[in-house]
Amino acid sequence: MIRILHTADVHLDSPFSGLPPRCAEMRRNELRQTFVSMMTAAKRADCDLILIAGDLFDGALVTRETVRMLCREFEDFGRPIFVAPGNHDPASPGSVWQKVTFPDNVHVFTSTDPEGIDLADENGGDTGVTVYGYAFTGPDLTEVPFEGMRADDPERINLLVCHCDMLGANSTDCPVTAAHLAAFGADYAALGHIHNPPAAGPGNRYAYCGCPEPRAFDELGPKGALFVEIEKEDGVSTVSLRRVRFSRRRYEKGEVDCTGVASLAEIRERIGQKAAAEGWGDDTLAQVRLTGFVPPSLLIDTEALADPREYGLFSLCLTDSTRPDADPEELRSDPGIRGAIWREMESELNAEDPRRREVALRALRYALCAVAGDTV
Ligand SMILES: [Mn+2]
């Protein structure tokens, strides 16, 4: 039986440019810590090898600190590690893969031509395991490098580590299909590139591990890596997969219906209830949309409401999509000034652009309040 840690898409040294600089710095550190946690877990689980299926780095800009951390962790693991560079960190001339000498136990695939490596044990004996892989050598790879090839020896445990896009037939990020993988005939293909991993292939013959640490609101929920166990006897293998969370943080999206509230304090309470109901905590970066109908005089100050500490969150981004609880039909047919305001603004209130809608809503509130003689 062999045990493998399968990871990919770590995107070390990501700029996190959507965050304030201090938070971004913190997240870059956390990303490194997440990687260290994975390596520690691989050692603790007594993994025989590690497969890194591309995009270990976010781009060509790699910090000294990150390289030092990687070399230390790789060396400390001591057993074989295979890296198949992806579209974000291709093995191109002058890339980190050329500049840095990684420890001896690390094999980096550097060619788009697939290479198969037989794994030796500590004494140089044969383990019966072969690892196949290839590299992106530029940002695009429109061919499937292993098309028409087959793993040489069906008696061995054959692994394939590859960065590829199984979700887009016309993808320029190596458009691999289930048929390509079946024809190659690996016992397990460790895939990288898709950060929100879809279900594993039939019989667990292939799987995306997803990213270990999410970086934005299109990577929702906890993230991690895969522990893979493969048993092979008389040419027949069984593969079992275990997904383990490693992410320090998680991104979550939600809606809070504000219908019936009379004050900002009540909205605050509802946001708190939402966070509690969803189990969000200080690991959570939440994006919450306020919806429903509120009194026109209630001006929602999203900035004042969005202090994450009040709800025990790491960060909170609020958008206001509430509507004044005036009846649109009644307003539309109002012959007076209220109707005129509504008819003037109706197209903006239904605009495609959420920013324009928000501005229009705010304007409508001010206008209705002013007409009603309320203070704004
Ligand atoms: Mn990628």
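The structure displayed is predicted, hence computed values, not measured ones.

## Thoughts on the sheet that holds strand 15 (residues 315–320)
Reading across from one edge, 12-13-15 is the order of the three strands in this open sheet, with parallel pairing throughout. With partners counted over all chains shown, the strands left at the sheet margins are strand 12 (250–257) and strand 15, one partner each. Neighbour to neighbour, the strand axes of the sheet diverge by 20° on average, direction disregarded. Contacts from helix 5 (residues 264–278) reach strand 12, strand 13 (284–291) and strand 15, with the element oriented near 135° to strand 12.

## Quick look at the sheet that holds strand 7 (residues 157–163)
Reading across the sheet, the five strands line up as 5-6-7-8-9 and stay open at both edges, with mixed pairing between neighbours. Every interior strand has two partners, whereas the edge strands, strand 5 (115–120) and strand 9 (206–208), have only one. The average undirected angle you get between the axes of adjacent strands in this sheet is 20°. As paired strands, strand 8 (residues 188–192) and strand 9 are joined by three bridges and run parallel to one another. The residue bridging Leu191 from the neighbouring strand is Tyr208, located in strand 9.

## Observations concerning the coordination of the manganese ion
Of the protein atoms, only Asp55 (OD), Asn87 (OD1), His163 (NE2) and His193 (ND1) coordinate the manganese ion, at distances of 2.1 to 2.3 Å. Donor residues for the manganese ion, ordered by position in the chain, follow D-x31-N-x75-H-x29-H. Of this pair, His163 sits in strand 7 while His193 sits in the loop between strand 8 and strand 9; the two residues are 30 residues apart in sequence, bridging distant segments of the chain.

## A closer look at the nonpolar core
Among the nonpolar cores identified, the biggest contains 62 residues, and Phe35, Leu56, Phe74, Val131 and Leu159 are the most heavily contacted of them. The element that contributes the greatest number of residues to this core is helix 1 (residues 21–44), accounting for seven residues. Ignoring any residue separated from it by four or fewer positions in sequence, one finds Phe35 in contact with Val10, Leu12, Ile52, Leu56, Met69, Leu70, Glu73 and Phe74.

## Remarks on unusual backbone geometry
Not every positive phi belongs to a glycine, and Asn204 is a case in point at roughly 60°. Looking at the secondary structure, you find Asn204 in the loop between strand 8 and strand 9. In this structure Asn204 comes out as partly exposed when scored by relative accessible area, which is 23%. Residues other than glycine seldom take positive phi values, yet Asp234 does so here, at roughly 50°. On the basis of relative accessible area, Asp234 is assigned to the exposed category, the value being 71%.

## A word on the packing of aromatic side chains
Taken as a whole, this structure holds 10 aromatic pairs when the rule is applied. Where Phe57 meets Trp97, the ring centres are 5.3 Å apart and the plane angle is 55°; that geometry is what we call tilted. One end of the pair, Phe57, is in the loop between strand 2 (49–52) and helix 2 (64–77); the other, Trp97, is in helix 3 (residues 96–99), and 40 residues separate them in sequence. Note on accessibility: Phe57 and Trp97 belong to one class, buried. Grouping aromatic residues by their ring pairs yields a cluster made of Phe35, Phe57, Phe74, Trp97 and Phe102. Stacked on the ring of Phe314, the Lys or Arg Arg249 has its end atom at 3.9 Å from the ring centre.

## Things to note about the layout of surface pockets
The space that makes up the largest pocket amounts to roughly 340 Å³. Taken together, 15 residues form the lining of the largest pocket, with Gly18, Leu19, Arg215, Phe217 and Tyr251 sitting closest to its centre. Here the lining of the largest pocket is composed, by residue class, of 10 nonpolar, four polar and one charged. Here the lining of the largest pocket spans two domains, since at least three of its residues come from each of domain 1 (2–245) and domain 2 (250–372). Its boundaries defined by the atoms lining it, the second largest pocket holds a volume of some 240 Å³.

Cut-off values and rules
- Residues numbered from 1 in each chain as written.
- Predicted model: local features only at pLDDT ≥ 70, side-chain atom pairs only at ≥ 80, totals over all residues.
- Heavy atoms only, no water.
- Pairing = 2+ DSSP bridges.
- Helix = DSSP H or I, 4+ residues; strand = E, 2+ residues; numbered from the N terminus.
- Axes fitted to C-alpha atoms, helices over the stretch in contact; angles between N-to-C directions.
- Contact = heavy atoms within 4.5 Å.
- Donors = N, O, S within 2.8 Å, 3.2 Å for Na, K, Ca; no water.
- Core = buried A, V, L, I, M, F, W, Y, C linked by side-chain atoms within 4.5 Å.
- Buried < 20%, exposed > 50% of the residue type's maximum accessible area, 1.4 Å probe, protein only.
- Phe/Tyr/Trp six-rings, centres within 6.5 Å; stacked < 30°, edge-to-face > 60°.
- Lys NZ or Arg CZ within 6 Å of the ring centre and 35° of its normal.
- 1 Å grid on protein atoms, 1.4 Å probe; cavity = no way out; pocket = protein on both sides within 12 Å on 5 of 7 lines; lining within 4 Å.
- Points joined across faces, edges and corners; volume = space filled by probe spheres on them.
- Nonpolar A, V, L, I, M, F, W, Y, C, P; charged D, E, K, R; others polar.
- Domains from an automatic or database assignment.

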